[in-house]
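Geometric and topological summary
One-letter residues, chain by chain:
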Amino acid sequence: MQSTSWVPLFPDQASTFAWQVDYFYFYLILVSVSFAIPIVVAIFFFAIKYREKEKFETPEEIHGSMVLETTWSIIPFVISMTIFLGGAYLYFQQYRPPADTMEIYVVGKQWMWKFQHGTGQREINELHVPAGRNIKLMMTTEDVLHDVFIPAFRTKADVVPGRYTTLWFNATTPGKYHLYCAEYCGLNHSGMGGWVYVMPQNEFDDWLAGGGSNQTPVELGKDLFTNKLGCASCHAGGQNQRGAKLEGLFGTDVKLTTGQVVKADEEYIRNSILNPSGQIVEGYQPIMPTFKGQVTEEQLVGLVAYIKSLGSPNAATSTTAAPTTNAAAPSANTKPAATPAAPASNQPAPKKK
Ligand SMILES: [Cu+2]
């Protein structure tokens, strides 16, 4: 760890893909240098060799060379394809989270980072994660564009108002690593940063257990859904069901009245809450009011987490934290609490263990 005030040329390599990014970067430098140097040398060499020795000298004409033209087309083509393929490989690795991730919700705001774990713990400008696990950040912002940047993990992603973006990593080495906002976001942009603490799994479990009993995102969402926002009055099962069925919805394909088929992911749920008439599910009326302006980003995160917890066909991705912690694992099986306001329990969510 570099904790001195000078900036190291290369930050620590602390994620599974850090060395790959570095190798690729070195490769780009190597390619650039091995072209730049011969070109500069050739410029000087030819400038001297073919300088005008007599006034009004006429150079000898040449009429092209098939061999030369072919060579200088094929070689750069091959080299640029290695750059393209290397870059594409790294991109796919970095921006396609694996299935077995631990999710952490992130809300950016001028000028701080707010994190919330699946078990409810909240953090500001600090993020604790276990080493050796796939972590997925589900991110949005309350105001302007921000960008999560963790140099030691060699990864960054924009945080965009009005939508969810994701970032994943697997931190290899316990330690303390800088977290930055990498998108100019106003006056105190430079102060918008913090630290990521990578801990061994057992220390992380202790940390998580000591975090008090915050409401988990799923609990918050459930409370909003059944009580505060009254979503359950239309979306819960039974005679009064006028809204689309939400149990088992997450991750499925939804057919809209327009004939379009969309995937019910986080973004879809979010849009359905904020702009319901934009995507009416086939067989339903456009009667749902918008909740734009009535729910904060954190409440939206809760609602999305709750609807996710109502079950999905492939429930492998869970919002729970470490499997070893028993601290309030929010999942579908905590659901049938005897809440009279939630007739949703008429239709037990698919139980998956
Ligand atoms: Cu920012």
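Our subject in this report is the structure included herewith. (Residues numbered from 1 in each chain as written. Predicted model: local features only at pLDDT ≥ 70, side-chain atom pairs only at ≥ 80, totals over all residues. Heavy atoms only, no water.)

1. Some points on the packing of helix H4 (residues 217-228) against helix H7 (residues 297-309)
To keep it simple, the criterion reads: Axis definition: a line fitted to C-alpha atoms, over the contacting stretch in the case of helices. Angles run 0 to 180 degrees between N-to-C directions. The helix and strand labels rest on DSSP assignments: H or I over at least four residues marks a helix, E over at least two residues marks a strand, and numbering proceeds from the N terminus. If an angle is under 35 degrees, it is roughly parallel; if it is over 145, roughly antiparallel; if it lies from 65 to 115, roughly perpendicular; otherwise it is oblique. Any two residues having at least one pair of non-hydrogen atoms within 4.5 Å are treated as being in contact.
Two elements in contact, H4 and H7, have axes separated by 7 Å at closest approach and are oriented at 95°. Viewed along their axes, H4 and H7 adopt a mutual orientation that is roughly perpendicular. Contacts from Pro 217, Val 218, Leu 220, Gly 221, Lys 222, Leu 224 and Phe 225 of H4 reach H7 at Glu 298, Gln 299, Gly 302, Leu 303, Ala 305, Tyr 306 and Ser 309.

2. What to know about the pattern of salt bridges
Convention followed: Here a salt bridge means any side-chain nitrogen of Lys or Arg lying within 4 Å of a carboxyl oxygen belonging to Asp or Glu.
Tallied over the entire structure, the rule returns eight salt bridges. Each of Glu 103, Lys 136, Glu 266 and Lys 308 takes part in salt bridges that share partners, so that together they form one network.

3. Comments concerning the side chain of Asn 134
Quick note on the threshold: We call two N or O atoms a polar contact when they sit within 3.5 Å, provided that within protein one can donate a hydrogen and the other can accept it, with sequence-adjacent residues counted only if both atoms are side-chain atoms.
Mapping Asn 134 onto the fold places it in strand E5 (residues 134-141). Among the polar contacts made by the side chain of Asn 134, one reaches the side chain of Asn 170 at a distance of 2.9 Å.

4. Examining the packing of aromatic side chains
Centre-to-centre distance and the angle between the planes together describe a pair of aromatic rings. To keep it simple, the criterion reads: Side-chain rings of Phe, Tyr and Trp, where Trp is taken by its six-membered ring, are said to pair if the distance between their centres is within 6.5 Å; with planes under 30 degrees apart they count as stacked, over 60 as edge-to-face, and otherwise as tilted. Burial classes follow relative accessibility: with a 1.4 Å probe on protein chains only, a residue under 20% of its type's maximum area counts as buried, one over 50% as exposed, and anything between as partly exposed.
Per the stated rule, a full pass over the model turns up 13 aromatic pairs. With centroids separated by 5.7 Å and ring planes inclined at 55°, the aromatic side chains of Phe 153 and Tyr 177 adopt a geometry described as tilted. Taken together, the residues Phe 153 in the loop between strand E6 (146-150) and strand E7 (155-159) and Tyr 177 in strand E9 (residues 175-181) connect sequence positions 24 residues apart. Considered together, Phe 153 and Tyr 177 belong to a single accessibility category, that of buried residues. Feature note: the residues Phe 10, Tyr 25 and Phe 26 constitute an aromatic cluster, connected by ring pairs.

5. Brief notes about the pairing of E7
Rules: At least two DSSP bridges between two strands are needed for those strands to be called paired.
Both E6 and E7 contribute to a ladder of five bridges, which runs antiparallel. When the bridges of E7 are listed, Val 148 appears paired with Ala 157. As consecutive antiparallel partners, E6 and E7 are separated by four residues, and within that stretch Arg 154 has a phi angle of approximately 55°, a positive value.

6. Details of helix H1 (residues 18-49)
What counts here: By this rule, a helix spans an expected 1.5 Å times one less than how many residues it contains.
The end-to-end C-alpha distance of H1 is 46 Å, a good match for the 46 Å that 32 residues give at a rise of 1.5 Å each. The set of residues buried in H1 consists of Ala 18, Gln 20, Asp 22, Phe 24 and Val 31. Looking at the packing, one finds that the buried side of H1 touches helix H2 (66-95).

7. Some thoughts on the coordination of the copper ion
Here is the rule: Each metal's donors comprise the N, O and S atoms found within 2.8 Å of it (within 3.2 Å for Na, K or Ca). Water is not part of the atom list, so some coordination spheres may appear incomplete. For four-coordinate sites, all angles between 85 and 135 degrees define a tetrahedron; for four- and six-coordinate sites, opposite donors beyond 155 degrees with the remaining angles between 65 and 115 define square planar and octahedral shapes respectively, and all other cases count as irregular.
Protein coordination of the copper ion is provided by His 146 (ND1), Cys 181 (SG), Cys 185 (SG) and Met 192 (SD), with donor distances spanning 2.0 to 2.6 Å. Around the copper ion sit four donor atoms; with metal-centred angles ranging over 88 to 125°, the donor geometry is tetrahedral. All donors of the copper ion come from a single chain, and their spacing in sequence reads H-x34-C-x3-C-x6-M. Of this pair, Cys 181 sits in strand E9 while Met 192 sits in the loop between E9 and strand E10 (193-199), placing them 11 residues apart in sequence. Note on Met 192: relative accessible area 1%, which makes it buried.

8. A few points about the environment of Phe 204
One can find Phe 204 in helix H3 (residues 201-209). On a C-alpha basis, the gap between Phe 204 and His 128 in space is 7.4 Å, while along the polypeptide they are 76 residues apart. Not counting residues up to four positions away in its chain, the partners in contact with Phe 204 are Met 102, His 117, His 128, Val 129, Pro 130 and Met 199.

9. With respect to the sheet that holds E10
The five strands lie next to each other as E4-E10-E9-E6-E7, forming an open sheet whose pairing is mixed. In this open sheet, the two strands that pair with only one neighbour each are strand E4 (126-130) and E7. The sheet shows a mean angle of 20° between the axes of neighbouring strands, taken without regard to direction. Pairing of E6 with E9 involves two bridges; the strand directions are antiparallel. Paired with Phe 149 across the bridge in E9 is Tyr 180. With respect to the sheet, H3 is in contact with E4 and E10, its orientation differing from that of E4 by roughly 130°.

Everything listed here is a matter of geometry and, on its own, says nothing about what the molecule does.
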